[in-house]
Amino acid sequence: MLPLAIRTTLSDGTVIGLERPELVVALPVVAVLFVLLVRYRATGTASKRSRRLLLASRVVVTTLIVVAAAGPFSVVTMETQGDPTVSLLVDRSDSTTVSPDVAESLSTAIEDQGVPVTTSTIAQGTDSRIGDGIAANLRENGSVVVVSDGQVTGGQSLTETAEFARSLNATISTVRTEPSRTERYVTLAGPSKASVGVESRFLVEVQGVQVDTPTEVTVSVDGETVTTERLDNGTGSVPVSYTFEETGGHEVTAEIDGSDAYPINDRALKTVRVVDQPRILYVTRGNYALQSYLERLYDVETASSVPDDLSPYYAVVVQNVAAGDLGNVDELQRFVIDGGGLLMVGGQNSFENGGYANSSIAAALPVTFGESAPGSARIVMLIDVSGSAGSGMRIQKAIALDALSQLDDDNTVGVVGFNYQAYSVVEPAPLSRNRETVADSIRRLQAGGATSIANGLRGAAERLAGQRGTIILVSDGGDTESPSAVVADALGRQGVRVVAVGAGRQVNEGVLRRIAEESGGNYFRADETDRLRLLFGGGSRQFQGEGLTIVDSGNFITSGVTLESNPGRVNDVSIRPGANFLVAAPDGTPAVASWRYGLGRVATITAYGPDGGLDGLLQQPDSLLVTKSVNYAIGDPERKATGVTDVADTRVGEPTTVIYRGESPPSDTDLPFTAVDEGVYRAQVTPTSVGFKRVVGATYAANYPAEYAGFGTSSALANAVRATGGRQFDRGQAAEIAAFARQQATRVRDVRQTWDWAFLLAGLLLFVTEVVVRRLQVYNGRTRSESGLP
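Residues numbered from 1 in each chain as written. Predicted model: local features only at pLDDT ≥ 70, side-chain atom pairs only at ≥ 80, totals over all residues. Heavy atoms only, no water.

### Remarks on the overall build of the chain
Inference 1: Looking only at helices and strands, the chain features 17 helices and 42 strands.
Inference 2: Considered along the principal axes of its C-alpha atoms, the chain spans approximately 115 × 80 × 55 Å.
Inference 3: Taking all 790 residues of the chain together, 50% fall into the buried category.
Inference 4: Within the chain, counting contacts between residues at least 6 apart in sequence, those at least 24 apart form 71% of the total.
Inference 5: When the accessible surface of the chain is summed, it comes to about 35500 Å², and 47% of that surface belongs to carbon and sulfur atoms.
Inference 6: With 68 positive and 90 negative side-chain charges, the chain shows a spacing of 15 Å between the two charge centroids. (Helix = DSSP H or I, 4+ residues; strand = E, 2+ residues; numbered from the N terminus. Buried < 20%, exposed > 50% of the residue type's maximum accessible area, 1.4 Å probe, protein only. Contact = heavy atoms within 4.5 Å. Areas by Shrake-Rupley, 256 points an atom, 1.4 Å probe, with all protein chains shown as cover. Lys, Arg positive; Asp, Glu negative; His and termini not counted. Charge placed at Lys NZ, Arg CZ, Asp CG, Glu CD.)

### Structural notes on helix α10 (residues 453–463)
Inference 1: In terms of burial, α10 is a largely internal element, nine of the 11 residues being buried.
Inference 2: Taken as a whole, α10 has its buried residues at Ile 453, Ala 454, Asn 455, Gly 456, Leu 457, Gly 459, Ala 460, Ala 461 and Arg 463.
Inference 3: Looking one or two residues beyond α10, the residue adopting positive phi is Ala 465, at roughly 55°.

### Section: unusual backbone geometry
Across the chain, the bulk of peptide bonds are trans and the bulk of non-glycine residues have phi less than zero.
Inference 1: In this structure, the amide linkage connecting Gln 620 to the following residue, Pro 621, adopts the cis form with an omega of 5°.
Inference 2: Structurally, Pro 621 is set in the loop between β33 (607–608) and α14 (623–634).
Inference 3: With phi around 55°, Asp 615 is a residue other than glycine that occupies positive phi space.
Inference 4: Within the element layout of this structure, Asp 615 appears in the loop between β33 and α14.

### Observations concerning the pattern of salt bridges
Two side chains of opposite charge can pair, provided their charged atoms sit close to one another.
Inference 1: Counting across every chain of the model gives 23 salt bridges.
Inference 2: A salt bridge links Asp 101 to Arg 92; the shortest N-O distance between them is 3.4 Å.
Inference 3: Given the relative accessible area of 59%, Asp 101 is considered exposed.
Inference 4: With a shortest N-O distance of 3.0 Å, Asp 636 and Arg 661 are connected by a salt bridge. Placement of the pair is Asp 636 in the loop between α14 and β34 (644–647) and Arg 661 in strand β36 (residues 656–661), with a sequence separation of 25 residues.
Inference 5: Judged by relative accessible area, Arg 661 falls into the buried class, the value being 18%. (Salt bridge = Lys/Arg side-chain N within 4 Å of Asp/Glu carboxyl O.)

### Description of the pairing of strand β10 (residues 199–209)
Inference 1: In terms of strand pairing, strand β8 (residues 183–189) meets β10 through seven bridges, oriented antiparallel. Bridge pairing in β10 places Arg 184 opposite Gly 208. (Pairing = 2+ DSSP bridges.)

### What to know about a nonpolar patch on the surface
Inference 1: On the surface, a nonpolar cluster with roughly 740 Å² of combined accessible area is contributed by Trp 757, Leu 761, Leu 764, Leu 765, Phe 767, Val 768, Val 772 and Leu 776.
Inference 2: Looking at where Leu 765 falls in the secondary structure, it is placed in helix α17 (residues 756–779). (Patch = residues over 30% accessible without salt bridge, like charges linked within 9 Å, V, L, I, M, F, W, Y side chains within 5 Å.)

### Section: the environment of Val 696
Inference 1: Structurally, Val 696 is set in the loop between β39 (691–695) and β40 (698–703).
Inference 2: A C-alpha to C-alpha distance of 50 Å links Val 696 and Asn 358, two positions 338 residues apart in sequence.
Inference 3: Apart from residues lying up to four places away in sequence, Val 696 is in contact with Thr 645, Tyr 660, Pro 666, Thr 669, Leu 671 and Phe 673.

### Description of the nonpolar core
Inference 1: Ile 280, Leu 290, Leu 294, Val 583 and Leu 617 are the most contacted members of the largest nonpolar core, which totals 36 residues.
Inference 2: Of all the secondary-structure elements, those providing two or more residues to this core are β16 (279–284), α6 (289–295), β18 (315–319), β19 (341–345), β30 (580–584), β31 (590–597), β32 (600–605) and α14.
Inference 3: Setting aside its immediate chain neighbours within four residues, Leu 294 contacts Ile 280, Tyr 282, Val 300, Val 317 and Val 630.
Inference 4: Ranked by size, the runner-up nonpolar core spans 32 residues in total, among them Ile 399, Leu 404, Ala 439 and Val 501. (Core = buried A, V, L, I, M, F, W, Y, C linked by side-chain atoms within 4.5 Å.)

### Description of the sheet that holds strand β6 (residues 143–147)
Within a sheet, neighbouring strands are paired by backbone hydrogen bonds and run either parallel or antiparallel to one another.
Inference 1: Pairing within the open sheet is parallel, and its five strands lie in the order β5-β4-β6-β7-β41. Each of the sheet's edge strands pairs with one partner strand only, and the pair in question is β5 (117–125) and β41 (728–730). Within this sheet the neighbouring strands show an average axis-to-axis angle of 25°, counted without direction.
Inference 2: Note that strand β4 (residues 86–93) and β5 share eight bridges and pair parallel. The partner of Val 90 across the bridge, within β5, is Thr 121.
Inference 3: On the sheet, helix α16 (residues 734–745) packs against β4, β6, β7 (171–176) and β41 and is oriented at approximately 175° with respect to β7. (Axes fitted to C-alpha atoms, helices over the stretch in contact; angles between N-to-C directions.)

### Things to note about the sheet that holds β32
Inference 1: In space, the eight strands of this open sheet follow the order β17-β16-β18-β19-β32-β31-β30-β27, with mixed pairing throughout. One side of each edge strand has no neighbouring strand; the edge strands of this open sheet are β17 (299–303) and β27 (549–550).
Inference 2: As paired elements, β18 and β19 share five bridges and run parallel to each other. Bridge pairing links Ala 315 to Gly 341 in β19.

### Some remarks on the pairing of strand β15 (residues 267–275)
Inference 1: For β15, a buried count of seven out of nine residues is recorded, marking the element as mostly surrounded by other parts of the structure.
Inference 2: As paired strands, strand β9 (residues 193–195) and β15 are joined by three bridges and run parallel to one another. Considered in β15, the bridge of Ser 195 is made with Val 275.
Inference 3: Sheet topology note: the strand β14 (residues 248–256)/β15 ladder contains eight bridges and is antiparallel. Bridged to Thr 253 within β15 is Leu 269.

### Some remarks on the packing of α10 against helix α11 (residues 484–493)
Inference 1: The N-to-C vectors of α10 and α11 enclose an angle of 25°; their axes lie 8 Å apart at closest approach. By the angle class used here, α10 and α11 are roughly parallel. In this structure, the crossing between α10 and α11 has a hand that is left-handed. Contact with α10, carried on its side by Ile 453, Ala 454, Leu 457, Arg 458 and Ala 461, involves Ser 484, Val 487, Ala 488 and Leu 491 of α11 and no other residues of that element. (Parallel < 35°, antiparallel > 145°, perpendicular 65-115°, else oblique. Left-handed = near helix turned anticlockwise from the far one by under 90°.)

### Quick look at a negative patch on the surface
Inference 1: Negative charge collects at one region of the surface, where Asp 222, Glu 224, Glu 245, Glu 246 and Glu 251 lie side by side.
Inference 2: Position of Glu 245 among the secondary structure elements: in the loop between β13 (236–243) and β14.

### Structural notes on the side chain of Asn 703
Inference 1: Following the sequence through the fold, Asn 703 ends up in strand β40.
Inference 2: A polar atom in the side chain of Asn 703 sits 2.7 Å from the backbone nitrogen of Leu 269.
Inference 3: Apart from the residues lying within four places of it in its own chain, the contact partners of Asn 703 are Arg 267, Ala 268, Leu 269, Thr 650, Arg 651, Val 652 and Val 690. (Polar contact = N/O pair within 3.5 Å; in protein donor to acceptor, adjacent residues only side chain to side chain.)

### As for the side chain of Asn 555
Inference 1: Note that Asn 555 resides in the loop between β27 and β28 (569–570).
Inference 2: A polar contact of 2.9 Å, which involves the side chain of Asn 555, links it to the backbone nitrogen of Ile 557.
Inference 3: When neighbours within four sequence positions are excluded, Asn 555 is seen to be in contact with Asn 580, Leu 582 and Ser 594.

### Notes on the environment of Gly 155
Inference 1: Mapped onto the secondary structure, Gly 155 falls in the loop between β6 and α5 (158–167).
Inference 2: Separated by 23 residues in the primary sequence, Gly 155 and Asp 132 place their C-alpha atoms 6.0 Å from one another.
Inference 3: Apart from the residues lying within four places of it in its own chain, the contact partners of Gly 155 are Arg 129 and Asp 132.

Here's what the structure looks like:
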């Protein structure tokens, strides 16, 4: 467990503190023991004055030892000197050939300025592991200049590289290289599985650099042209709708014309496996529009109650049915536990109005019934007080205080600050009695030091004392330690989720989103803190919105969904611990929720209209929410089939996984299949050329290498420069690069030093001095006491 240090900042900026302050509580106990010991041992001829001096000496020695054990430390800002050099890292991958090669001339020009240059190649051909190449050349307090477009195709991301550079106090700078050659590339996105007779939607995108002529896009399915569109600007997107009339594998191709640098990326490929419409059971006792909506997309059977046998179905959709009218509830619960899906749609006869609380199906639902206040939660507010937050600390405090204002008084809240380590600020206690203490402590926070979100998360988790709870992380995401996501994942497994709030002048949303996702939490921007009321508001701080509000846009059900309707009513439910709160009603009540129950998937839609139906939720664009809720419940529409092969599309040189479902692995292939579950076998295959490939009866697409799917300078490289305090140079700024190298040779950094040795040495010297003085008293005849005390 990470100890929570205490520290303070002196007027000159020096930080002093104790690593293990809890050991200081031993001082009073030791002092009392010494008083008793001195009174017992120093009696007889020893005077009271001598005994007091002995006691004072022993207490001081003990204090020095205890303070040393508590880990005294200091952090001071120091300036270090070095010889100016330029480490020039050159990307020679294929995507950079659309720009002029400036590396050699730039190196010569910098050396003409009197600064030596070391040139290294960090990427070649189709292998653009730029993040790995930069990381391999970083040194503590060093600086690198990168000539690259930042288009990473493998290895660690540039975000992770920037975090590593910050941990070394190193900077990453770049040289702008504007493209001078025309290059277009096409991509094709859409479903990998579709139902026969149901319209599928695809999106073709054409992007590129130095494109100034029109481009013609042709989309074909199984070799037959579906549409041809002209993009007058040369780039853009083309939406395509297509209805497959036959089951099996189908090949979709998008192709562009025109002359450019690389013809390999003028054609994008995709496979779609078309299956029979999955069979679902629709249970209702009313006449609702949802039935006809479902019948357009699925093979629907209707019933007024749940039958005794649900094995033919992939999912069950129940709309506005009371618990007493559901039918075989036990069979429905077993169906979900064994891997089936359930979508429970509300109304005036369901949930709290339908007696669900007393039904066994209640345990399978992601919501509970009755008063919708979330109740009390254990929360630790983890606030970034590192140097990267320094210039924006006023923003950090304001957002932290705003987040605090959203929390209900029944929540138990503590505060931990962190830079490179965690500091306990306020011990967890109900907000009903410590709200002002928490707010005042937040206002008093001061910034300084490097950043380690991982250590901050560990310290915040310690304040939860092993219990389930939530960490509200308020940070700019400027992390110097990449394990933060790993720590977040471990916390999620322990029942601790992280709600990340982006705060600061430059927020690294990618880092904060990943931390939240790994723990099962949410990410909110600074202007979205009012959504914390949805999670922790309770009865005294109700959320008020104008319509339906998406709480978690990263979930399968809500991703890409836009909500414009407001059915007007919602069942009185609350989110069950561990469930996903996806959409909120205007008053903050959960309108859509989901979770896994056993092997199955369960979703609830509790918003409904005056007639008990879904009202505007069945109209575009809102209808996508209903479709994705049903698809979530269905899961894999081929999970009941045997003798079926699944293989995902990939790129040349990148492996893809082949999954076969059957009684035994296929025998007509050389692929080495291994069993991963009963009746499920897995293998891998790596294509070496572009095209449609066959494996064990299935077709997959091998698209052009990722190297040809990105041109021009990536935003990730610019973000890495900003995050590390580097510079962006033009190719003619050799003098400025040399000047920056001289400046970087003199670096200011935080130096941390421990002082336990000094306190131990002081205690030893005082003890030895006292013993020598008492021995001299005996030697000079000033006392006859064996202890040496006069």
